[in-house]
Amino acid sequence: MKVLVLNCGSSSVKFQLVEIGGVPAAPVGDRLLAKGLVENIGGAALLKCEAEGKPPLRESGEILEHKIAVERVLELLGRPEVGALRDRREIEAVGHRVVHGGERFKASVLMDEDVLRGIEDCFDLAPLHNPPNVKGYRAVRDLLGDVPQVAVFDTAFHQTMEPQAYLYGLPYVLYERHGIRRYGFHGTSHRFVSRRLAELMGRGPAEPGLRLITCHLGNGCSVAAIRGGRSVDTSMGFTPLEGLVMGTRSGDLDPAILLHVMRKEELGPWEVGALLNKHSGLLGISGLSNDMRSLLEAEAGGNERARLAVDVFCYRLKKYIAAYVGALGGIDGLAFAGGIGENAPKIRERSLAGLAALGLELDAERNGAARGTDAEIGTGASKARVFVVPTNEELLIARDTFEIVSARRPS
Ligand code: ADP
């Protein structure tokens, strides 16, 4: 089955065309046929596509809305120089990454008007992210007719958290009235990485009592504590701003700082939102870059503020890992994923330094060598096993889509 995976953002559409064979219980031969993105929708857009065995393609042109972007993607996939589709009817299903599913969506679902209303009900919770997902759905319906579409939610995996983990110390009425609680994000990545981690450990993904911690460290960063395949806690909260220090997001802070800074700097709510989301984190501390690779290079060259930014990043991560060992009552396995987690041995080393007492010990040589592929990096003596596990959210979206669509077909 050829599945088109779409991740529609406010001004971008990322896509992958994945072919999945076999039956849902035993999918075989996941094959990435093409991937790419359209960015800067609404103006002079840029289109990039890489197809299996073909040179990469780049084009620019005016693309004013998401439907036109999706149309261009379909047209591109059908071109002989891309060679991913002979006919767009070969696409048997479409899977959408949807950011917010609120409390209603606890798993991936086949999309229909009722599901769409549910996604719209979450607009308030994710005003920048959920509206383009709905546009993506409507674009596909207009262009591909009634091809089945599946929504895979970033929040769904964390819906297993208990109230003790998801409630804030605020008046309960704010939860009841406005849904103010921890939702958590990056759920698709934590689900993919935790399953793969269990598999690499030779354990079943839902084995009762198996205690795992997954660290997704990309531009956005989050940690999840998982017991028996279910998320019990995660560092992102009501929005993706909470938790770890990220590329440009602050992560945790004393909320009174906001009130103080708003007064002192005469900032309004929108400005303070931009401050916390776009000008903080690694970029804010270093004053140099939001990119971990650049910061590690600058630090090696003696840049003090780059060192500070990296130190704060690793220390915060270490505290979360230690807290989650506590939340789980111990730990059996930990995985690093995302651009930083997969490629930066120094960050892994600094974040786990001093955690041997909790059962986490890195093997310096294995850690130094592990980049971008599945690899065990803990010592033989480490009580908990430690791995690098490259994440692949799109593949999980494609697999969920394949499973849901196959299940409704008469066999
Ligand atoms: P996104 O969240 O946008 O998918 P990625 O998962 O690609 O982002 O992660 C981007 C981050 O990974 C950046 O901070 C980048 O510097 C970092 N990164 C990528 N490769 C390396 C590397 N070799 N060493 C250190 N950091 C790296």
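Conventions adopted
Residues numbered from 1 in each chain as written. Predicted model: local features only at pLDDT ≥ 70, side-chain atom pairs only at ≥ 80, totals over all residues. Heavy atoms only, no water. Domains from an automatic or database assignment. Pairing = 2+ DSSP bridges. Helix = DSSP H or I, 4+ residues; strand = E, 2+ residues; numbered from the N terminus. Core = buried A, V, L, I, M, F, W, Y, C linked by side-chain atoms within 4.5 Å. Buried < 20%, exposed > 50% of the residue type's maximum accessible area, 1.4 Å probe, protein only. Contact = heavy atoms within 4.5 Å. Near = heavy atom within 4 Å. Polar contact = N/O pair within 3.5 Å; in protein donor to acceptor, adjacent residues only side chain to side chain. Areas by Shrake-Rupley, 256 points an atom, 1.4 Å probe, with all protein chains shown as cover. Disulfide = S-S within 2.5 Å. Expected span 1.5 Å × (residues − 1). Salt bridge = Lys/Arg side-chain N within 4 Å of Asp/Glu carboxyl O.

Draft legend 1. Expanded view of the domain arrangement of the protein chain. Domain annotation of the protein chain identifies domain 1 (2-153) and domain 2 (205-393). When each unit is reduced to the centre of its C-alpha atoms, the spacing between domain 1 and domain 2 is 29 Å.

Draft legend 2. Expanded view of the pairing of strand β4 (residues 43-51). Pairing geometry for β4 and strand β5 (residues 57-63), over 7 bridges, is antiparallel. Residue pairing across strands places Ala44 opposite Glu62, the latter belonging to β5. Following β4, the chain reverses through 5 residues before pairing antiparallel with β5; Gly53 in that reversal takes a positive phi of roughly 70°.

Draft legend 3. Main features of the nonpolar core. In terms of nonpolar packing, the biggest core is built from 42 residues, with Ile213, Phe313 and Leu360 touching the most fellow members. Listing elements by their share of this core, those giving two or more residues are β9 (211-217), β10 (221-227), α10 (292-300), α11 (304-328), β12 (333-337), α13 (345-352) and β14 (385-388). Here the element with the most residues in this core is α11; it accounts for 11 residues. Not counting chain neighbours up to four residues away, the residues in contact with Leu360 comprise Ile321, Val325, Ile331, Leu334, Leu352, Leu355, Ser382, Ala384 and Val386. Core analysis: the next-biggest nonpolar cluster, separate from the first, contains 31 residues, Leu47, Leu57, Ile63 and Val140 among them.

Draft legend 4. Focus on the site of the ligand. Taken together, Gly218, Asn219, Gly220, Asp291, Met292, Arg293, Leu296, Gly338, Gly339, Ile340, Asn343 and Ala344 make up the full set of residues adjacent to the ligand. In the environment of the ligand, an oxygen atom lies 2.9 Å from a nitrogen or oxygen atom belonging to the side chain of Asn219. Within the contact set of the ligand, an oxygen atom lies 2.7 Å away from a side-chain nitrogen or oxygen of Asp291. Against a free-state accessible area of 580 Å², the protein chains account for coverage of 68% of the ligand. Looking at the shell around the ligand, the elements with two or more residues in it are α10 and α12 (338-343). When residues of the shell around the ligand are assigned to their parent elements, the largest contribution, 4 residues, is made by α12.

Draft legend 5. Here's a closer look at the environment of Ile285. Position of Ile285 relative to the elements: it lies in helix α9 (residues 281-286). Contact partners of Ile285, with chain neighbours within four places excluded, come to Arg305, Leu308, Ala309 and Val312.

Draft legend 6. Molecular detail of the state of the cysteines. Under the defined criterion, the tally for this structure stands at 0 disulfides. Take Cys49: it sits in no disulfide, and the sulfur closest to it among the cysteines is that of Cys8, at 16 Å. Classification of Cys49 by relative accessible area gives buried; the value is 3%. Cys122 takes part in no disulfide bond, and the closest cysteine sulfur to it belongs to Cys8, at a distance of 17 Å. Residue classification places Cys122 among the buried residues on the basis of a relative accessible area of 5%.

Draft legend 7. Spotlight on the sheet that holds β12. Strand order in the open sheet made by the 6 strands is β11-β10-β9-β12-β14-β13, with mixed pairing throughout. Of all the strands in the sheet, just β11 (230-234) and β13 (375-376) have a single pairing partner and so form its edges. Where β13 lies against β14, 2 bridges are found, and the strand directions are antiparallel. Within β14, the residue paired with Glu376 across the bridge is Phe387.

Draft legend 8. Molecular detail of the environment of Arg117. The topology assignment puts Arg117 in helix α2 (residues 113-121). For the pair Arg117 and Val134, spaced 17 residues apart in the sequence, the C-alpha separation amounts to 9.4 Å.

Draft legend 9. Spotlight on helix α3 (residues 130-144). Counted at 1.5 Å a residue, the expected span for α3 with its 15 residues is 21 Å, and the 21 Å between its end C-alpha atoms agrees. Within α3, burial applies to Asn130, Pro132, Asn133, Val134, Gly136, Tyr137, Ala139, Val140 and Leu144. Buried residues along α3 sit in contact with β1 (2-8), α1 (66-77), β6 (91-98), α2 and β8 (149-153). Looking one or two places after α3, you find Gly145, whose phi comes out positive at around 65°.

Draft legend 10. Molecular detail of α11. Under the 1.5 Å per step criterion, the end-to-end length of α11 is 36 Å for 25 residues, consistent within 8% with the ideal 36 Å. Taken residue by residue, α11 has Ala306, Ala309, Val310, Phe313, Cys314, Arg316, Leu317, Tyr320, Ile321, Tyr324, Val325 and Leu328 as its buried positions. Two or three places before Arg305, at the opening of α11, Asn303 has a side-chain oxygen 3.1 Å from that residue's backbone nitrogen. Immediately beyond the C-terminal end of α11, within one or two residues, lies Gly329, with a positive phi of roughly 70°.

Draft legend 11. Structural context of the pattern of salt bridges. On inspection of all chains with the given rule, the structure shows 33 salt bridges. We note a salt bridge from Glu90 to Arg86, for which the minimum N-O separation is 3.8 Å. Relative accessible area serves as the criterion here: at 18%, Glu90 is assigned to the buried category. Of the residues examined, Arg86 reaches a relative accessible area of 77% and is grouped as exposed. Each member of the salt-bridge network shares a partner with another, and the members are Glu59, Arg72, Glu75, Arg79 and Glu81.

Draft legend 12. Examining the side chain of Arg79 more closely. As for its placement among the helices and strands, Arg79 is situated in the loop between α1 and β6. Here Arg79 falls in the buried class, since its relative accessible area comes to 15%. Only 2.6 Å separates the side chain of Arg79 from the side chain of Glu59, close enough to count as a polar contact. Not counting chain neighbours up to four residues away, the residues in contact with Arg79 comprise Leu57, Glu59 and Arg72.

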